[in-house]
Amino acid sequence: MRIIAKLDVKPPQVVKPVHFEGLRKVGSPNELAIKYYEQGADEIFYIDIVSSLYRREILHQYIEDTAKSILVPFAVGGGVQSVDDFSKLFHHGADKVTINTAAHKDPSIIDAAAKIFGGQSVVVNIEAKSQQDGRWECYTDCGRIPSGRDVVQWAKEAEARGAGEILLQSVDTDGRQRGFDIALIKAVVDAVNIPVVAASGAGTLESILEVAQMARPSGIALASVLHYGKTTIGDVKRFLIEQGVEVAV
Amino acid sequence: MSQQIGVVDYGAAGNVFSISRALEYAGAKVKVVKRPRDISGVDKLVMPGVGSFIDGMRELNASGMSDVIREYAGAGHPLLGICLGMQVLSNVGFEYGETEGLKLIRGEVRAMECKGVVPHMGFSPVSVVTDSPILKGVSPTDLFYFMHSFEVQNYTDIIALSDYAGHQFVSGVQRENIFGLQFHPEKSRQAGIRIFENFLAL
């Protein structure tokens, strides 16, 4: 089980939204990336949460500054529109690139990126919102716009198109620190045969253990719970090991 | 004086940035090698690893770097391939169809077949099966970052093996001055830096 620190960035700050809205500044991406790297994070995810909304390119200087400070994998996303955007991010220090909004407009970007960069570098970011019928719908533009696509179907399509990983976020539970949407994560993990990183909802150590045991994702992304100093990556890993979950230390 | 290490830039793909930073961290001076003439003055060469086999080879063939790399390795200079960079050292790859590799290491590159989810992503140990200077000091508790869907399959030149979801695969190869590693030393904390230090010490 990989334990990942997720930075939601509104340059020049890492912010932490609740339900993807209401931003609070929590520090610079570079400082926090180093802090979580030193705490033992297996990976760092950097999501520019406004570039898609503002229709501007991700700011490469911030990517480089952060990438050069850490010796673990670095996934970057936000506002990625084209294969050329993928390429630029890799050249500025990303090891994986996440994509959401543009893939809903033209899903073939997943195929094209996987063919050039290898599937292992292409992460499809899903922002899920629960529906009354018990299913989940994919949202785009940082949880603002419904896409009409069913989350489980979209996850399967992303895999079929060559994506190497899914970052699964929940608009309902994100930033609240009240537990993950276990049913959502389990539904996606069971539907695909590529790694799923579960995000949105880590609050207590028990809530992290719960998602690890109940949904068995390949990775768990932590944000607010780290930003507000409720716990550290080291404490999370120690706790999971005590409870019999396999993590790298 | 610090050694000049060439890092091959494939074009669209490749993580030249990460590899360069990690090599500098280990004490190297880095030169990006994109065109054949860039090879001059390079003491040792690293081939990084992001991309698919077919596109990686297409780029290397188009730029004329394939021949340059073969000549460079043939002359006895140290060459280190990482992830895709290791895979393209093989005879042939089967990612998006059959593609000829650089044929510097005997082997073929095929999709991983195992019970776990693929790509294999995360930190795993490597077990050294043949002493190799590149793996000097690697202990069974050291963890290295893997991020791959394909693996090199061969029966010679193996220096390290790893396990993923009950499936054993080749994580390191060496044929004289040519080294290949399936994992990413540049993403493996201090354990990875040691690998680069070993490479610099060759």
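These figures come from a predicted structure and were not determined experimentally.

Draft legend 1. Just the overall build of chain A, in detail. In terms of regular secondary structure, chain A is built from 11 helices and 12 strands. A compact globule built from 249 residues would reach a C-alpha radius of gyration of about 18 Å, and chain A, at 16 Å, matches this within 12%. Its C-alpha atoms put chain A at 45 × 45 × 35 Å along the principal axes. Taking all 249 residues of chain A together, 56% fall into the buried category. In chain A, of all internal contacts separated by at least 6 residues, the share reaching a separation of at least 24 is 67%.

Draft legend 2. Focus on the overall build of chain B. Within chain B one finds five helices and 14 strands. Computed over C-alpha atoms, the radius of gyration of chain B comes to 15 Å, within 12% of the 17 Å expected from 2.2 N^0.38 for 202 residues, which places it in the range of a compact globule. Projected onto its principal axes, the C-alpha coordinates of chain B cover approximately 45 × 40 × 30 Å. Across the 202 residues in chain B, those meeting the buried criterion constitute 53%. Of the contacts made within chain B by residues no fewer than 6 positions apart, 71% connect residues no fewer than 24 positions apart.

Draft legend 3. Summary view of the interface of chain B and chain A. Each partner contributes to the interface: chain B provides 30 residues, whereas chain A provides 27 residues. Those elements that place two or more of their residues in the side of chain B that touches chain A are helix 1 (16–25), strand 8 (120–124), strand 10 (144–148) and helix 5 (189–201) of chain B. Considering each element in turn, the side of chain B that touches chain A owes the most residues, five residues, to helix 1 of chain B. Within the side of chain B that touches chain A, the residues separate by chemical class into 16 nonpolar, 10 polar and four charged.

Draft legend 4. Looking closely at the pairing of strand 8 (residues 136–140) of chain A. Residue and element names in this part refer to chain A. Within strand 8, four of the five residues are buried, which leaves the element mostly enclosed by the surrounding structure. Of the pairings in the sheet, the one linking strand 7 (residues 122–130) to strand 8 comprises four bridges and is antiparallel in character. Residue pairing across strands places Glu127 opposite Tyr139, the latter belonging to strand 8. The turn linking strand 7 back onto strand 8 is made up of five residues, and Gly134 within it adopts a positive phi angle of 90°. When strand 8 meets strand 9 (residues 145–150), the two strands line up antiparallel, connected through three bridges.

Draft legend 5. Structural view of the environment of Phe150 of chain B. All names here are of chain B. Its place among the elements puts Phe150 in strand 11 (residues 150–153). Given 26 C-beta atoms within 10 Å, Phe150 falls into the buried group. Along the chain, Phe150 and Gln182 lie 32 residues apart, while their C-alpha atoms are 9.4 Å from each other.

Draft legend 6. Just the environment of Asp111 of chain A, in detail. By the secondary structure assignment, Asp111 of chain A is in helix 6 (residues 108–117). When neighbours within four sequence positions are excluded, Asp111 of chain A is seen to be in contact with Arg161 and Gly162 of chain A.

Criteria and thresholds
Residues numbered from 1 in each chain as written. Chains lettered and ligands numbered in written order. Predicted model: local features only at pLDDT ≥ 70, side-chain atom pairs only at ≥ 80, totals over all residues. Helix = DSSP H or I, 4+ residues; strand = E, 2+ residues; numbered from the N terminus. Rg over C-alpha atoms; globule rule 2.2 N^0.38 Å. Buried ≥ 20, exposed ≤ 12 C-beta atoms within 10 Å, placed from the backbone. Contact = placed C-beta atoms within 7 Å. Nonpolar A, V, L, I, M, F, W, Y, C, P; charged D, E, K, R; others polar. Pairing = 2+ DSSP bridges.

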